[in-house]
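What follows is the residue order along each chain.
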Amino acid sequence: MVLYNNSMNKSPASADLAPLVPKNAARGLVVLGIETSCDETAAAIVTGNKDILAQSLISQKDHAAYGGVVPEVAARAHLTYLQDQIKSVMDDTQLTFSDLDAIAVTAGPGLIGGVLVGALMAKSIALVHNVPLIAVNHLEGHALTARLTDDAPFPFLLLLVSGGHCQILIVHGVGEYTRLGATIDDAVGEAFDKTAKMLGLGYPGGPAVEKMAARCTDVAAARARFSLPRPLVGQDSCDFSFSGLKTAVRRAIDALPAGDVSVQDAADICAAFQATVGDIIADRMTRAIDRYMGTNPARPTLVVAGGVAANQYLRGLLTELCAKRGLHFAAPPLKLCTDNAAMIAWAGIERAQLGMTDASDFPIYTRWPLDPDAVISSPKSQKT
Ligand code: KG4
Ligand code: ZN
């Protein structure tokens, strides 16, 4: 086991504090964001006034045949698409690169080939046009999106649920996070994706499972039919576990009569699965709210972020929980829950406003936890 090097998480306390001054004071910093950490190739231009001036995003279809993202295929596809994505947002805004106040790019965590493509592109443009760079943690991009789209003053409680992550954090400020809990095995998005794959619903699995679950006419009956486990529910922690749930879905499918899974069966399994995930999240979040409100009673806000935050059932459940507990609930619009470049541009703006820009030799990371206390087995970074 290796304890992660905290210096990779620059926070205002450790940074040289000279806020970046916008070229145009009226609209604030104008930042080009670039996102290439998984299978979305995206560029966006966002202002300090919270205007998304332009966005361009390709969800790579190149992986359809494989039932999941293939890292090498993703990296090559980013290389093919990224230039056009950037050109598209520059054309839409009629800005030149020299008009930009900064370029913000995902520097990790993610698939290293894709992160490399985005980082090298950002560094090249920044060097040629003498524009400051900001290396953004993709997770911080998700974490701060609600501050672009909603009113979410620091501190707030964050549920971050995506394809690779599932954690509950207190967000004290830019670069300042305390982890209350996290998954001990699979991420919740991964559980959605694997359920979809087992049922042959395609990738990404989350939206497909949600759509199939909506075809179930009696969720209570579906849950009685397919009784799925709720790992860690009732235990006094804010951690998650989804691997047992995934295995139970596998067994439920295997127990069906031989032949193709009927639409009715698929709908019932998806509804039972989604409701069980809902139970797990509600239980964990109830405990997290207790802990958070114990120390931050004056800032009762819960933010949900990451691709799984696009799920309407889970959003509804969190809305209800917040109403019950007297918390303000902030969830970005669906298109800004899944990976996008506007969130990277915005996180860049928040950092630049605090003076946190980066040198052009910044490293990129396959793993990059938000919270400095995270213990992981093999930290990896690479200089570009
Ligand atoms: O944040 P994101 O776009 O990429 C990562 O950083 O991982 O999240 C992608 C994940 C995938 O696992 C996808 O299946 C899931 O978010 N997802 C959903 C929904 N939309 C996307 N899961 C459940 N319901 C959805 N509507
Ligand atoms: Zn993401």
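Here is a short report on the structure shown in this document. (Residues numbered from 1 in each chain as written. Chains lettered and ligands numbered in written order. Predicted model: local features only at pLDDT ≥ 70, side-chain atom pairs only at ≥ 80, totals over all residues. Heavy atoms only, no water.)

### Considering the coordination of the zinc ion (ligand 2)
Donor atoms from the polypeptide that coordinate the zinc ion (ligand 2) comprise H138 (NE2), H142 (NE2) and D339 (OD), at 2.0 to 2.1 Å from the metal. Going along the chain, you hit the donors of the zinc ion (ligand 2) in the pattern H-x3-H-x196-D. Of this pair, H138 and H142 both sit in helix α3 (residues 138-149), separated by 4 residues, roughly a single helical turn. For H138, a relative accessible area of 7% gives the class buried. (Donors = N, O, S within 2.8 Å, 3.2 Å for Na, K, Ca; no water. Helix = DSSP H or I, 4+ residues; strand = E, 2+ residues; numbered from the N terminus. Buried < 20%, exposed > 50% of the residue type's maximum accessible area, 1.4 Å probe, protein only.)

### Describing the site of ligand 1
Around ligand 1 there are 20 residues in total, and G163, D193, G206, E210 and D339 lie nearest to it. At 2.6 Å from an oxygen atom of ligand 1 is found a side-chain nitrogen or oxygen belonging to D193. G307 is positioned with one of its backbone polar atoms (N or O) 3.0 Å from an oxygen atom of ligand 1. When ligand 1 is considered free in solution it has 550 Å² of accessible area, and contact with the protein chains removes 90% of it. Put simply, the parts of the chain that give the shell around ligand 1 at least two residues each are α3, α4 (188-198) and α5 (205-213). Residues belonging to the shell around ligand 1 are distributed by class as follows: 5 nonpolar, 12 polar and 3 charged. (Near = heavy atom within 4 Å. Polar contact = N/O pair within 3.5 Å; in protein donor to acceptor, adjacent residues only side chain to side chain. Areas by Shrake-Rupley, 256 points an atom, 1.4 Å probe, with all protein chains shown as cover. Nonpolar A, V, L, I, M, F, W, Y, C, P; charged D, E, K, R; others polar.)

### As for the sheet that holds strand β7 (residues 156-161)
If you trace the 5 strands from one edge of the open sheet to the other, you get β9-β8-β7-β10-β11, paired in mixed fashion. Whereas interior strands pair on both sides, the edge strands pair on one side only; in this sheet they are β9 (176-182) and β11 (328-330). Pairs of neighbouring strands in the sheet enclose a mean axial angle of 25 degrees, with direction left out of account. Relative to β11, helix α9 (residues 312-325) is tilted by about 160 degrees, and along the sheet it contacts β7, β10 (301-305) and β11. (Pairing = 2+ DSSP bridges. Axes fitted to C-alpha atoms, helices over the stretch in contact; angles between N-to-C directions. Contact = heavy atoms within 4.5 Å.)

### Structural notes on the pattern of salt bridges
Inspection of every chain in the model, using the stated rule, returns 16 salt bridges. The partner of R179 in a salt bridge is D371, and the shortest N-O contact between them spans 2.8 Å. Here R179 is found in strand β9, whereas its partner D371 is found in the loop between β12 (363-365) and β13 (375-376), with 192 residues between them in sequence. On the basis of relative accessibility, which here comes to 32%, the residue R179 falls in the partly exposed class. (Salt bridge = Lys/Arg side-chain N within 4 Å of Asp/Glu carboxyl O.)

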